[in-house]
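Here is how the chains run, residue by residue.
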Amino acid sequence: MEQTITPENAHQPQLTRWLDPLMLERAAVILKAVAHPARLGVVQLLDQHGELAVCDISEKLGIEPSLLSHHLSNLKLLRLLRTRREGKNIFYAIEEDHLLGLMECIGNCACKF
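Residues numbered from 1 in each chain as written. Predicted model: local features only at pLDDT ≥ 70, side-chain atom pairs only at ≥ 80, totals over all residues. Heavy atoms only, no water.

K.L.:
Explanation requested: the overall build of the protein in the structure shown.
P.N.:
The helix and strand inventory of the protein stands at 5 helices and 3 strands. The order of α-helices and β-strands along the protein, N terminus first, is α-α-β-α-α-β-β-α. Counting the 113 residues in the protein, one finds 27% classified as buried. Summarising the internal contacts of the protein: among those between residues at least 6 apart in sequence, 49% fall at separations of at least 24. (Helix = DSSP H or I, 4+ residues; strand = E, 2+ residues; numbered from the N terminus. Buried < 20%, exposed > 50% of the residue type's maximum accessible area, 1.4 Å probe, protein only. Contact = heavy atoms within 4.5 Å.)

Listed below in structure tokens is the structure:
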């Protein structure tokens, strides 16, 4: 349930659960991981398509496959993406569902600037 902000409670913190140091560290790691236009684009494409091969992501984003592989590796290393191999192709999909909620928040914030 969302709390209405009034003059009486405006000074009260709304995100008290974020004071947990482990939660803060995890949030910082995820934010750093997606803090690049290419990685944001990858997540958006995978949200739209479910699963894509590296060559398809590269083509849709206009990014060289070697550079894209670097970005994908970073996201996979943090377990935000998962892979599946089919012959010579490697397919990527979103592993961490919370990532989509974060992307929605980022999109909402970006629209306000």
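From this point, things continue past the structure.
K.L.:
Whenever I open this one, helix α4 (residues 65-77) confuses me. Can you help?
P.N.:
Residues lying three or four places apart along an α-helix face the same way, a consequence of the helix completing one turn every 3.6 residues. Between its terminal C-alpha atoms α4 stretches 18 Å, which fits the 18 Å expected from 13 residues at 1.5 Å a residue. The set of residues buried in α4 consists of L68, H71, L72 and L75. Viewed end-on, α4 has its buried residues packed into an arc of 95°, placing them on one side of the element. Seen from the open side of α4, the exposed residues pointing more than 90 degrees away from its buried face are S66 and L77. Those residues of α4 hidden inside the fold are in contact with α1 (21-34), α2 (37-49), α3 (54-61), β2 (81-86) and β3 (89-94). (Expected span 1.5 Å × (residues − 1). Arc of directions from axis to C-beta.)

K.L.:
Would you take a moment to explain the pattern of salt bridges for this structure?
P.N.:
Where charged atoms from two side chains of opposite charge come close, those side chains can pair. Within this structure, the stated rule accounts for 3 salt bridges. The partner of E95 in a salt bridge is R82, with the nearest N and O atoms 3.6 Å apart. In this pair, E95 is assigned in the loop between β3 and α5 (98-111) and R82 in strand β2, connecting sequence segments 13 residues apart. A relative accessible area of 40% places E95 in the partly exposed class. The closest approach of N and O atoms between E86 and R84, which form a salt bridge, is 2.7 Å. (Salt bridge = Lys/Arg side-chain N within 4 Å of Asp/Glu carboxyl O.)

K.L.:
I tried to follow the nonpolar core on my own but got confused; where do I start?
P.N.:
Side chains of nonpolar character tend, in soluble globular proteins, to be buried together. In this structure, V42, L46, I57, L72 and L81 are the most contacted members of the largest nonpolar core, which totals 21 residues. Elements supplying a minimum of two residues to this core: α1, α2, α3, α4, β3 and α5. (Core = buried A, V, L, I, M, F, W, Y, C linked by side-chain atoms within 4.5 Å.)

K.L.:
Looking at this model, I keep getting lost on the pairing of β2. Mind explaining?
P.N.:
Looking along a regular strand, one sees the side chains alternate between the two faces of the sheet. As paired elements, β2 and β3 share 6 bridges and run antiparallel to each other. Looking at the pairing, E86 lines up with N89 of β3. Counting the residues in the hairpin turn of β2 and β3 gives 2 residues, including G87, whose phi is positive at 65°. (Pairing = 2+ DSSP bridges.)

K.L.:
What is the right way to look at the environment of I90 in this model?
P.N.:
With respect to the helices and strands, I90 occurs in strand β3. Here I90 falls in the partly exposed class, since its relative accessible area comes to 28%. Spatially, the C-alpha atoms of I90 and C55 are 8.7 Å apart, while their sequence positions differ by 35 residues. Setting aside residues no more than four positions away along its own chain, I90 makes contact with L52, A53, V54, T83, R84 and R85.

Limitation: the analysis is restricted to geometry and does not speak to function.
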